[in-house]
Amino acid sequence: MPITDDQALNLYIQAATGETQAAVCSRQLTGFRAEFALRFEAWRIANAKGLRKGALLADAKGLNKISPPNLKSFATMNAQILENLPEDDLQRRCNELLSSLLQASMKLTSSKD
């Protein structure tokens, strides 16, 4: 089943915000960086076609422009919110980030069978 424009754009936004949030999690949580890198790489490979399409759509919609408001400023704002959470909430959000990558990869793998 072909990926829709909305799905592709959402994947691209998820990648951008996920990487920015992972930087916060990596600074705060031991071992997060390595686990995220493994899962994110697998997720990126599984979603490569959608991410390419999403990047083109983001460019066409002006989300990747140099000056704010843009996707980078949106991702940074989300990361700042994450960074200011209490430790237990931060841990939960970082775990959710890891889980979302694993679940998305598993869905794609099972849909290809």
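Below or above, wherever it landed, is the structure these notes cover.

The rules we used
- Residues numbered from 1 in each chain as written.
- Predicted model: local features only at pLDDT ≥ 70, side-chain atom pairs only at ≥ 80, totals over all residues.
- Heavy atoms only, no water.
- Helix = DSSP H or I, 4+ residues; strand = E, 2+ residues; numbered from the N terminus.
- Rg over C-alpha atoms; globule rule 2.2 N^0.38 Å.
- Buried < 20%, exposed > 50% of the residue type's maximum accessible area, 1.4 Å probe, protein only.
- Disulfide = S-S within 2.5 Å.
- Expected span 1.5 Å × (residues − 1).
- Arc of directions from axis to C-beta.
- Polar contact = N/O pair within 3.5 Å; in protein donor to acceptor, adjacent residues only side chain to side chain.
- Core = buried A, V, L, I, M, F, W, Y, C linked by side-chain atoms within 4.5 Å.
- Phe/Tyr/Trp six-rings, centres within 6.5 Å; stacked < 30°, edge-to-face > 60°.

**Description of the overall build of the protein chain**
Thought 1: In terms of helices and strands, the protein chain carries five helices and zero strands.
Thought 2: For the protein chain, the α and β elements follow one another from N to C terminus as α-α-α-α-α.
Thought 3: Computed over C-alpha atoms, the radius of gyration of the protein chain comes to 15 Å, within 12% of the 13 Å expected from 2.2 N^0.38 for 113 residues, which places it in the range of a compact globule.
Thought 4: Of all 113 residues assigned to the protein chain, the portion counted as buried reaches 29%.

**Let's talk about the state of the cysteines**
Thought 1: Inspection of every chain in the model, using the stated rule, returns one disulfide.
Thought 2: With a sulfur-sulfur separation of 1.9 Å, Cys25 is cross-linked through a disulfide to Cys94. Because the torsion about its S-S bond is -90 degrees, the bridge between Cys25 and Cys94 counts as left-handed. Of this pair, Cys25 sits in helix H1 (residues 5–28) while Cys94 sits in helix H5 (residues 87–112); the two residues are 69 residues apart in sequence, bridging distant segments of the chain.
Thought 3: Classification of Cys25 by relative accessible area gives buried; the value is 1%.

**Observations regarding helix H4 (residues 71–83)**
Thought 1: Across its 13 residues, H4 extends 18 Å between first and last C-alpha, which sits within 8% of the 18 Å expected from 1.5 Å per residue.
Thought 2: Listed in full, the buried residues belonging to H4 are Leu71, Ala75, Ala79 and Leu82. End-on view of H4: buried residues confined to an arc of 70 degrees, all on one side of the axis.
Thought 3: Where H4 begins, one side-chain oxygen reaches toward the backbone nitrogen of Lys72, 3.2 Å away; that side chain belongs to Asn70.

**Points about the nonpolar core**
Thought 1: Among the nonpolar cores identified, the biggest contains 18 residues, and Cys25, Phe32, Phe36, Phe40, Trp43 and Cys94 are the most heavily contacted of them.
Thought 2: Membership of the second largest hydrophobic core comes to six residues, among which are Ala8, Tyr12, Ala58 and Leu71.

**Some words on the environment of Asn84**
Thought 1: On the secondary structure map, Asn84 appears in the loop between H4 and H5.
Thought 2: Take Asn84: its relative accessible area is 66%, and that puts it in the exposed class.
Thought 3: For the pair Asn84 and Val24, spaced 60 residues apart in sequence, the C-alpha to C-alpha distance is 9.9 Å.
Thought 4: In this structure the side chain of Asn84 is engaged in a polar contact, spanning 2.9 Å, whose partner is the backbone oxygen of Gln80.

**A few points about the packing of aromatic side chains**
Thought 1: A full pass over the atoms with the stated rule returns three aromatic pairs.
Thought 2: A ring pair is formed by Phe36 and Phe40, whose centres lie 5.0 Å apart and whose planes are at 15 degrees; its orientation type is stacked. Of this pair, Phe36 and Phe40 both sit in helix H2 (residues 32–46), four residues apart, which is roughly one turn of the helix.
Thought 3: Ring geometry for Phe40 versus Trp43: centroids 5.6 Å apart, planes at 20 degrees, classification stacked. Separated by three residues within a single helix, Phe40 and Trp43 lie in helix H2, roughly one turn from each other. One exposure class covers both Phe40 and Trp43, and it is buried.
Thought 4: Grouped by ring-pair contacts, the aromatic residues Phe32, Phe36, Phe40 and Trp43 constitute a single cluster.

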